[in-house]
Amino acid sequence: MKKIALALNVVGIINIQMATKNGIVYVLEANPRSSRTIPFVSKATGLPLAKIAARVMAGHTLKELGITGDVTPKHVSVKEVLLPFDKLPGADPLLGPEMKSTGEVMGIDYNFGKAFYKAEWAADNKLPMTGTVFMSIRDTDKPHIIRVAKKMQQAGLHILGTRGTVRYLEENGIKIDVIKKVSEGSPNVVDLIHNNKVDLIINTPTSKQAVKDGFQIRRAAVDFNVPYITTIQAALAAADAIEAMNNGEITIKSLGEYHTK
């Protein structure tokens, strides 16, 4: 990013969007402008980045403004999106490459797990500390779900899964209960959601039938206000968050207090 900014002779802020595939990083676009990330990074670091950038564009140097190096906060900041699916009856809350968020929140604490927990809470997707977790995981994600299941069981959560997920976890020494897929009839996870017997859903679909089943599960989650996760990366973060919360309370501070030396 530094090389791109220098090559383009950008003074101020540059917004760079990138994507990765097969270990290769691709630059999608580079725009000499601010973005929604700037307010978040400003709050995370305690630096008024937009004001600094404007003064640099007006001819001041960073040294004159007292910016002599990188800022490394002692805390962790997590940005989370707000999704409007509860306002869109019938819409599938499955995420893809296009932007679907209508806002953002952030969580701050002194480790990643607690910061992530706060961010999910602020996004009205509060992770449970007790109750039942439902898992239906596609094959490519199954090696990663082992760690998630272990951490959640150690936290005292009861885990249910579809047959394939249960079989894989049992082969790796983790015992969980089986629940039918939606296409297999009742009782299934949607029935449990309707009866308020599920507290977290982790669903990463792959096949067309699984996508159809997954839509009913995810839609029920939105309609009944059950937190849901559709990517393995978020599942791993959620497991870390639940583990961190079991090891201590969250920090209660104002934003200014985090930046007080």
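These remarks concern the structure in this document. None of the values given here were measured: they were computed from a predicted structure.

Secondary structure summary: the chain contains ten helices and nine strands in total. With respect to the three principal axes, the spread of C-alpha positions in the chain is 70 × 40 × 35 Å. Within the chain, the fraction of its 261 residues that count as buried is 39%. Within the chain, contacts between residues at least 6 apart in sequence are counted, and of these 62% link residues at least 24 apart.

Nonpolar side chains in soluble globular proteins generally cluster together in the buried interior. Core analysis: the biggest nonpolar cluster contains 34 residues, and L127, V133, M135, I145, V148, M152 and I202 have the highest contact counts within it. The set of elements that each furnish at least two residues to this core consists of helix 4 (112–122), strand 5 (132–137), helix 5 (142–154), helix 6 (163–171), strand 8 (200–204) and helix 9 (232–246). At nine residues, helix 9 tops the list of elements feeding residues into this core. Contacts of V148, omitting those with residues within four sequence positions, involve M135, I202, A235, L236 and A239. In this structure, L160, V182, V198 and V226 belong to the second largest nonpolar core, which totals 17 residues.

All right, on to helix 9 then. Under the 1.5 Å per step criterion, the end-to-end length of helix 9 is 21 Å for 15 residues, consistent within 8% with the ideal 21 Å. Taken together, the buried positions of helix 9 are occupied by I232, A235, L236, A237, A238, A239, A241, I242, A244 and M245. The inward-facing, buried residues of helix 9 contact helix 4, helix 5, strand 8 and strand 9 (228–229). Directly after helix 9, the chain includes G248, whose backbone phi takes a positive value near 160°.

Another aspect to go through is a positive patch on the surface. Together, R163, R167, K180 and K181 make up a positively charged patch on the protein surface. Tracing the backbone shows R167 in helix 6. With a relative accessible area of 46%, R167 lands in the partly exposed category.

Ordered in space as 7-6-5-8-9, the five strands form an open sheet in which the pairing is parallel. Of all the strands in the sheet, just strand 7 (177–178) and strand 9 have a single pairing partner and so form its edges. Pairing of strand 5 with strand 8 involves five bridges; the strand directions are parallel. Looking across to strand 8, one finds that I137 is bridged to T204.

The rules we used
Residues numbered from 1 in each chain as written. Predicted model: local features only at pLDDT ≥ 70, side-chain atom pairs only at ≥ 80, totals over all residues. Heavy atoms only, no water. Helix = DSSP H or I, 4+ residues; strand = E, 2+ residues; numbered from the N terminus. Buried < 20%, exposed > 50% of the residue type's maximum accessible area, 1.4 Å probe, protein only. Contact = heavy atoms within 4.5 Å. Core = buried A, V, L, I, M, F, W, Y, C linked by side-chain atoms within 4.5 Å. Expected span 1.5 Å × (residues − 1). Patch = residues over 30% accessible without salt bridge, like charges linked within 9 Å, V, L, I, M, F, W, Y side chains within 5 Å. Areas by Shrake-Rupley, 256 points an atom, 1.4 Å probe, with all protein chains shown as cover. Salt bridge = Lys/Arg side-chain N within 4 Å of Asp/Glu carboxyl O. Lys, Arg positive; Asp, Glu negative; His and termini not counted. Charge placed at Lys NZ, Arg CZ, Asp CG, Glu CD. Pairing = 2+ DSSP bridges.

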